[in-house]
Amino acid sequence: MRKSIVFFAASCAVVFMSFPVFAEDASVELGKKLFNDSGLGASKNSTSCNVCHPNGEGLQNAGKNPQLTKMINKCIVGPLQGEKLNEQTVAMQSLKMYIESLGKK
Ligand code: HEC
């Protein structure tokens, strides 16, 4: 009985630790910073989202797109020559929040 409790606790710890560590909370401000960051997604050509979408221009309706994460990653992999961001990361959540905020102006 006691053994199983210990095992259960250990399992919980393993599951808990396998989640990404949220060092910083996702925010619109962080999203904006990343949008202007030429190192986003480990970009190989030092291009930022802002080069083609100055101040988020043209993305006002993108926040309503159910494929937003996919579109962001498409632009990271394509124009930025970077690596896809996991949906759960603070960076992706922040980028989404920033783009969603553009439609609310
Ligand atoms: C080299 C230019 C370029 C760069 C850099 C770029 N994009 Fe794009 N992006 C485009 C083009 C072209 C399209 C497709 C046509 C359009 O919507 O203007 C597009 C489309 C999108 C869309 C979909 C728009 C919609 O209405 O659904 C999103 C969201 C987006 N980009 C986000 C980003 C993000 C975030 C970054 C930075 C990681 C980025 N883009 C970097 C050129 C670029």
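Residues numbered from 1 in each chain as written. Predicted model: local features only at pLDDT ≥ 70, side-chain atom pairs only at ≥ 80, totals over all residues.

Asker: Hey, could you go over the overall build of the protein chain for me, with residue numbers and the actual values?
Answerer: Within the protein chain, the secondary structure is distributed over five helices and zero strands. Within the protein chain, buried positions represent 21% of all 105 residues. For the protein chain, the proportion of contacts with a sequence separation of at least 24, taken over those separated by at least 6, is 67%. (Helix = DSSP H or I, 4+ residues; strand = E, 2+ residues; numbered from the N terminus. Buried ≥ 20, exposed ≤ 12 C-beta atoms within 10 Å, placed from the backbone. Contact = placed C-beta atoms within 7 Å.)

Asker: I'd like to hear about the nonpolar core, residue by residue, with values.
Answerer: Grouped together as the largest cluster of nonpolar side chains are 15 residues, with contacts concentrated most on Leu34, Phe35, Ile76, Ala91, Met92, Leu95 and Ile99. Counting only elements with at least two residues in this core, the list comes to helix H2 (28-35), helix H4 (68-77) and helix H5 (90-102). Looking at this core, the element that brings in the most residues is H5, giving six residues. The residues touching Ala91, leaving out its near neighbours within four places in the chain, are Leu34 and Leu85. (Core = buried A, V, L, I, M, F, W, Y, C linked by C-beta atoms within 7 Å.)

Asker: Tell me about the packing of H2 against H5, and please be specific about residues and values.
Answerer: Where H2 meets H5, the axes come as close as 7 Å, and the angle between the chain directions of the two elements is 95 degrees. Classified by the angle their axes make, H2 and H5 are roughly perpendicular. Touching Val28, Leu30, Gly31, Lys32, Leu34 and Phe35 of H2 are Ala91, Ser94, Leu95, Met97, Tyr98 and Ser101, all from H5. Residue classes in the contact of H2 with H5 are distributed as eight nonpolar, three polar and one charged. (Axes fitted to C-alpha atoms, helices over the stretch in contact; angles between N-to-C directions. Parallel < 35°, antiparallel > 145°, perpendicular 65-115°, else oblique. Nonpolar A, V, L, I, M, F, W, Y, C, P; charged D, E, K, R; others polar.)

Asker: Would you mind going over the site of the ligand in detail, with residue names and values included?
Answerer: Looking at the ligand, there are 20 residues lining it, with Cys49, Cys52, Ala62, Cys75 and Pro79 nearest. The set of elements that each furnish at least two residues to the shell around the ligand consists of helix H3 (49-52), H4 and H5. No other element matches the five residues that H4 contributes to the shell around the ligand. Each residue belonging to the shell around the ligand can be placed in one class, and the counts come to 15 nonpolar, five polar and no charged. (Near = placed C-beta within 6 Å.)

Asker: Describe in detail H5, supporting the description with residues and values.
Answerer: Residue pairs spaced three or four apart in an α-helix point in one direction, given the helix's 3.6 residues per turn. With 13 residues, H5 should reach 18 Å at 1.5 Å per residue; the first-to-last C-alpha distance of 19 Å fits that figure. Buried within H5 we find Ala91, Met92, Ser94, Leu95, Tyr98, Ile99 and Leu102. For H5, the buried positions fall inside an angular range of 165 degrees around the axis, keeping them on one side. In this fold, the buried residues of H5 make contact with H2 and H4. (Expected span 1.5 Å × (residues − 1). Arc of directions from axis to C-beta.)

Asker: Go over H2, please, and point to the residues and values.
Answerer: Burial in H2 covers these residues: Gly31, Lys32, Leu34 and Phe35. In an axial view of H2, the angular spread of the buried residues amounts to 165 degrees, which keeps them on one side of the axis. At its buried positions, H2 is contacted by H3 and H5.

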